[in-house]
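# Report on the structure
Now for the letters of each chain:
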Amino acid sequence: MSEIIIKNPNEVFGCAEAQSLLIKKDIIHATGNVESLIAQSPDAEIIDAEGTVIIPGFVDCHTHLVFAGSRENELFKRAAGRPYLEILEAGGGIHNTVKAVHQATEDELVENGRHFLDYALKMGITTIEIKSGYGLDYDNELKMLKAIARLKTEHAVDIVPTYLVHSVPKGVDRNTYLDEVADRMIPDFKQYAQWFDIFIEKGVFSIEEGERLIKKAKAEGYKIGFHTNQVNDLGGVMLAERMGATHIDHLETLSDADANAIIKNKDLYAVFLPTAEGLVFSEHTGRIDKLMEIPERIILSSDFNPGSSPVLNPLFVMKAALMRYRISDPHLLVRSMTSNPARMLGFTDRGVIAAGKKADLLLLDVKNIEQIPYYASFPIIRQVIKNGELY
Ligand code: NIG
Ligand code: FE
């Protein structure tokens, strides 16, 4: 069906008055009172939205959705007090998923990815970023990027692929690996990914190594966002400054000077991952409190992955953020998973509800905006609309 009128919601996020919406094909064609929309489009199918709040589809800008295997055993080791980085150091963590990915075929990665993407759409995610990063060596990283590319062509959810340099593979000489990433992988993988990411952390990649690879990635035309300041502050924020990064993610350790640098840099977004913090039982909390004067550049994301965050549910992420960060503005919680990440990723056609924008919408069974985080643990998603299609 190509024309739909969504009639009489309680509220439409970002609109002063509750308005009905006319959707033509994949676009919000007009907003207004229902009679005027019916006059414009008498044959449109009418969906009764009474009792709902309409918000834009979620944009989840940091995920590791393509992988194989699972690591529930590590969750309980961490619960018992074993640190995330210690498990990694001992050859577990990311390396366990790397083993599973090496054993999986490209088809199996696509199949697993499809399963989780179907679920993502049910949970209201209409645009998603997906990182590679569990292949590590050339062939397996390429296998992951090809799997992501296939999902991008076949799935309704819009996918933004990222090449992630996640760790040095076990048993490989560090310098040999860094050379291969710089000389072969970064240039060759550009055709599969517009974005480049690296895990800057003690025992993973240093600032100097990050600087070298990010410089190369920039020269090849990638946009930059990276994992930093999760457990240790190695100077990732200044690296982001020097490299002209678009976003930095985790930020559980953040000095005042670095927070001020982020505030001053209008092109730099801060991505917080509350479920990953919670599920690695971090002693720290993402320092969103230091960035409250730049609400338009605060982002929340699921960080969905088989290790630190087996969570693919934006409403749950919002609730975790509310609890961890004490965010007192419900509008900020919604924007940090819709308009803010859409703008950060460079999309001008989504993340807000207005005539001319993409018809990526969620009809939520709540009375008002405040009830979205309040009732976030209930099945409040009545209807997901992606590109004007009902799911
Ligand atoms: O964002 N911190 C690094 N990378 C991921 C976790 C990856 C994994 O544990 O498999 C993260 O937390
Ligand atoms: Fe991550």
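Owing to the predicted nature of the structure, the values given are computational and were not obtained by experimental measurement.

With that out of the way, let us pick up the domain arrangement of the chain. Each domain of the chain was delimited in the assignment, giving domain 1 (3-55 + 352-390) and domain 2 (58-344). In this complex, domain 1 contributes 19 residues to the contact, which on the side of domain 2 involves 20 residues. Between domain 1 and domain 2, roughly 1,500 Å² of surface is buried when both sides are summed, and carbon and sulfur atoms account for 76% of that area. Taking the shortest distance from any N to any O, the salt bridge between lysine 358 and aspartate 158 comes out at 3.8 Å. The tally of links from domain 1 across to domain 2 stands at four residue pairs in polar contact (both at pLDDT 80 or more). Where the side of domain 1 that touches domain 2 is concerned, the elements lending two or more residues are helix H15 (371-374) and strand E16 (381-386).

One open sheet holds the four strands; their spatial order is E4-E3-E1-E5, and the pairing between them is mixed. The strands lining the two open edges of the sheet, one partner per strand, are strand E4 (27-32) and strand E5 (45-48). For this sheet, the mean inter-axis angle between neighbouring strands, taken without regard to orientation, is 20°. As judged from the five bridges shared by strand E3 (residues 20-24) and E4, these two strands associate in the antiparallel manner. Bridge assignment links leucine 22 to a residue of E4, and that residue is alanine 30.

Okay, the sheet that holds strand E17 (residues 389-390) next. Across the sheet, five strands lie side by side as E2-E6-E15-E16-E17; this open sheet has mixed pairing. Each edge of the open sheet carries a strand with a single partner, namely strand E2 (11-12) and E17. Judged from the four bridges that link them, strand E15 (residues 361-364) and E16 form a sheet pairing that is antiparallel. Note on E16: the bridge partner recorded for leucine 363 is glutamine 383.

What follows concerns the pairing of strand E8 (residues 125-131). A large share of E8 lies buried, amounting to seven of its seven residues. Where strand E7 (residues 58-60) meets E8, three bridges bridge the pair, whose relative direction is parallel. Its bridge partner being in E8, phenylalanine 58 is matched across the sheet by isoleucine 125. Summarising the sheet, E8 and strand E9 (residues 158-165) pair through five bridges and their orientation is parallel. Counterpart to isoleucine 130 in the pairing with E9 is proline 161.

Arg71, Tyr84, Tyr134, Asp303 and Ser308 are the nearest of the 15 residues found near ligand 1. For ligand 1, an oxygen atom lies 2.6 Å from a polar atom in the side chain of tyrosine 84. Between ligand 1 and the protein, one listed contact pairs an oxygen atom with a side-chain N or O atom of tyrosine 134 at 2.6 Å. Protein burial of ligand 1: of its 330 Å² of free accessible surface, 100% is covered by the chains. Here the residues of the shell around ligand 1 sort into four nonpolar, nine polar and two charged.

The full count for this structure, using the stated rule, is ten aromatic pairs. Ring geometry for tyrosine 138 and phenylalanine 189: centres 5.2 Å apart, planes at 45°, overall tilted. Taken together, the residues tyrosine 138 in helix H6 (residues 138-154) and phenylalanine 189 in helix H7 (residues 174-189) connect sequence positions 51 residues apart. Accessibility classification places tyrosine 138 together with phenylalanine 189 in one group, the buried group.

Of all hydrophobic cores here, the largest spans 100 residues; its most connected members are Ile128, Tyr163, Phe196, Phe226, Leu291 and Ile372. A domain-level breakdown of this core finds at least three residues from each of domain 1 (3-55 + 352-390) and domain 2 (58-344). The contacts of isoleucine 372, once residues within four sequence positions are left out, are Val53, Ile55, Leu315, Met318, Val334, Leu364, Val366 and Ile380. In terms of nonpolar packing, the next biggest core, distinct from the first, is built from 14 residues, Ile6, Ile23, Ile54 and Ile353 among them.

Okay, the pattern of salt bridges next. A complete count under the given rule lists 22 salt bridges for this structure. Ionic pairing is found between aspartate 179 and arginine 212, a salt bridge with its closest N-O pair at 2.8 Å. Pair noted here: aspartate 179 is in helix H7 and arginine 212 is in helix H8 (residues 207-219), with a separation of 33 residues, a long-range link. Where arginine 382 meets aspartate 365, a salt bridge forms, and the shortest distance between an N and an O atom there is 2.8 Å. One end of the pair, arginine 382, is in strand E16; the other, aspartate 365, is in the loop between E15 and H15, with 17 residues separating them in the sequence. The exposure class of aspartate 365 is partly exposed, given its relative accessible area of 36%.

Criteria and cut-off values
Residues numbered from 1 in each chain as written. Chains lettered and ligands numbered in written order. Predicted model: local features only at pLDDT ≥ 70, side-chain atom pairs only at ≥ 80, totals over all residues. Heavy atoms only, no water. Domains from an automatic or database assignment. Contact = heavy atoms within 4.5 Å. Buried area = accessible area lost by both parts, 1.4 Å probe. Salt bridge = Lys/Arg side-chain N within 4 Å of Asp/Glu carboxyl O. Polar contact = N/O pair within 3.5 Å; in protein donor to acceptor, adjacent residues only side chain to side chain. Helix = DSSP H or I, 4+ residues; strand = E, 2+ residues; numbered from the N terminus. Pairing = 2+ DSSP bridges. Axes fitted to C-alpha atoms, helices over the stretch in contact; angles between N-to-C directions. Buried < 20%, exposed > 50% of the residue type's maximum accessible area, 1.4 Å probe, protein only. Near = heavy atom within 4 Å. Areas by Shrake-Rupley, 256 points an atom, 1.4 Å probe, with all protein chains shown as cover. Nonpolar A, V, L, I, M, F, W, Y, C, P; charged D, E, K, R; others polar. Phe/Tyr/Trp six-rings, centres within 6.5 Å; stacked < 30°, edge-to-face > 60°. Core = buried A, V, L, I, M, F, W, Y, C linked by side-chain atoms within 4.5 Å.

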